[in-house]
Amino acid sequence: MGKVISFSNQKGGVGKTTSCVNLSAYCAAAGKKVLMIDIDPQGNATTGLGFAKSTLKKSVYNVLIDDESAEENILPTAIENLFILPANIDLAGAEVELVYKRGRERVLRNALESVRKQYDFIFIDCPPSLGLLTINALVASDAVIIPIQSEYYALEGLTQLMNSISLVRQSLNKGLKVEGVLLTMYDGRSLISRQISAEIRKYFTKKVFEIVIPRNIRLAEAPSHGKPVMLHDGKCMGARAYKAFAEEFLSKQ
């Protein structure tokens, strides 16, 4: 049975999509069969793997709203063992349309039942909000990875995010766990980065991954080429960090 993990943080710009795409890619490169689900209407994870979301006919929207099976909307990617359930432009209206569906919080969970056994890991890239799409992802998940930028504002939304996870756990998904916290956009030369990192490690203790993701130009460029960083520049500092993160993640499974 594949383990389902959401990447969630209601604050945008924290490296959530970058982390989801690159962990998916490196786990696939390590021989794991991986499905990445893009449930963010911005569709950045979809374009980050080389798909033009404006032209896609198959998408997670069809699964959530049109009751199509997940299997018939999954696409192979350029990386062996890595598959995607993509987002397209229709997903922008899904948040409102889900309101009227029966069992609206469990639509994605129910849809994944038929494909979970086919994958080692299913990673979900959530929107930077705590609406029905994110709730669907959290209800469908066994665990959540929280990417946090090593800057002051990142701490502000943390309590709200943990409260939301707690509420989902209480009423909709008792088994939901925090898989770990990933520090992103880290600058070891910056005092504030080091201070925030220390605060986060103090707050989450052993839940924080040892590997931190640095700021890196080549890493930032990769999505514009529609590639994970391993295909854009596999030797850059950002690629080495995500490879090490994937190794740390897999060592804990």
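Residues numbered from 1 in each chain as written. Predicted model: local features only at pLDDT ≥ 70, side-chain atom pairs only at ≥ 80, totals over all residues. Heavy atoms only, no water.

## A few points about the overall build of the protein
Check the secondary structure of the protein and you find twelve helices and seven strands. Relative to a compact globule of 253 residues, whose C-alpha radius of gyration would be 18 Å, the protein shows 17 Å and is just as compact. Classification of the 253 residues of the protein by burial places 53% in the buried group. Considering only residue pairs separated by 6 or more positions, the protein has 78% of its internal contacts joining residues 24 or more positions apart. (Helix = DSSP H or I, 4+ residues; strand = E, 2+ residues; numbered from the N terminus. Rg over C-alpha atoms; globule rule 2.2 N^0.38 Å. Buried < 20%, exposed > 50% of the residue type's maximum accessible area, 1.4 Å probe, protein only. Contact = heavy atoms within 4.5 Å.)

## Structural notes on the pattern of salt bridges
Within this structure, the stated rule accounts for eleven salt bridges. Across the salt bridge formed by K3 and E179, the nearest N and O atoms sit 2.9 Å from each other. Taken together, the residues span a long stretch of sequence, with K3 in strand β1 (residues 3–7) and E179 in strand β7 (residues 177–184) at a distance of 176 residues. Residue class for K3 comes out partly exposed when judged on its relative accessible area of 25%. (Salt bridge = Lys/Arg side-chain N within 4 Å of Asp/Glu carboxyl O.)

## Observations regarding the packing of aromatic side chains
Inspection of the entire model under this criterion finds eight aromatic pairs. Centroid distance F209 to F245: 4.9 Å. Interplanar angle 80°. Geometry classified as edge-to-face. In this pair, F209 sits in the loop between α9 (191–204) and α10 (217–221) while F245 sits in helix α12 (residues 237–251), placing the two residues 36 residues apart along the sequence. Neither residue differs from the other here; F209 and F245 are each classed as buried. Ring pairs connect the aromatic residues F7, F121, F123 and F249, which therefore count as one cluster. One Lys or Arg, K33, reaches over the ring of Y119 and ends 5.2 Å from the middle of that ring. (Phe/Tyr/Trp six-rings, centres within 6.5 Å; stacked < 30°, edge-to-face > 60°. Lys NZ or Arg CZ within 6 Å of the ring centre and 35° of its normal.)

## Digging into a nonpolar patch on the surface
Taken together, V96, V99 and Y100 make up a surface patch of nonpolar side chains, about 340 Å² in accessible area. Turning to its location among the elements, Y100 is positioned in the loop between α4 (94–98) and α5 (107–112). When its relative accessible area of 69% is taken as the criterion, Y100 is described as exposed. (Patch = residues over 30% accessible without salt bridge, like charges linked within 9 Å, V, L, I, M, F, W, Y side chains within 5 Å. Areas by Shrake-Rupley, 256 points an atom, 1.4 Å probe, with all protein chains shown as cover.)

## With respect to the environment of I135
Take I135: it is sitting in helix α6 (residues 132–140). Considering only alpha carbons, one finds I135 and E199, 64 residues apart in sequence, at a separation of 27 Å. Discounting chain neighbours no more than four positions away, the residues touching I135 are E105, L130, V168 and L172.

## Notes on the nonpolar core
Among the nonpolar cores identified, the biggest contains 36 residues, and L23, M36, L82, F123, I145, F245 and F249 are the most heavily contacted of them. Elements represented by at least two residues in this core include exactly β1, α1 (16–29), β2 (34–38), β4 (82–85), β5 (121–125), β6 (143–149) and α12. Per-element tally for this core: the top contributor is α1, with seven residues. If sequence neighbours within four positions are ignored, F245 has contacts with L23, I145, L182, F209, I211 and I213. (Core = buried A, V, L, I, M, F, W, Y, C linked by side-chain atoms within 4.5 Å.)

## Notes on the sheet that holds β5
Taken together, the seven strands give an open sheet; going across it, the order is β3-β4-β2-β5-β1-β6-β7, and neighbouring strands pair in mixed fashion. Every interior strand has two partners, whereas the edge strands, β3 (75–76) and β7, have only one. As judged from the five bridges shared by β2 and β5, these two strands associate in the parallel manner. Looking at β5, one finds that I37 is bridged to I124. In the packing of α9 onto the sheet, contacts are made with β6 and β7, and the angle to β7 comes to roughly 170°. (Pairing = 2+ DSSP bridges. Axes fitted to C-alpha atoms, helices over the stretch in contact; angles between N-to-C directions.)

Function cannot be read off these values alone, since they describe shape.
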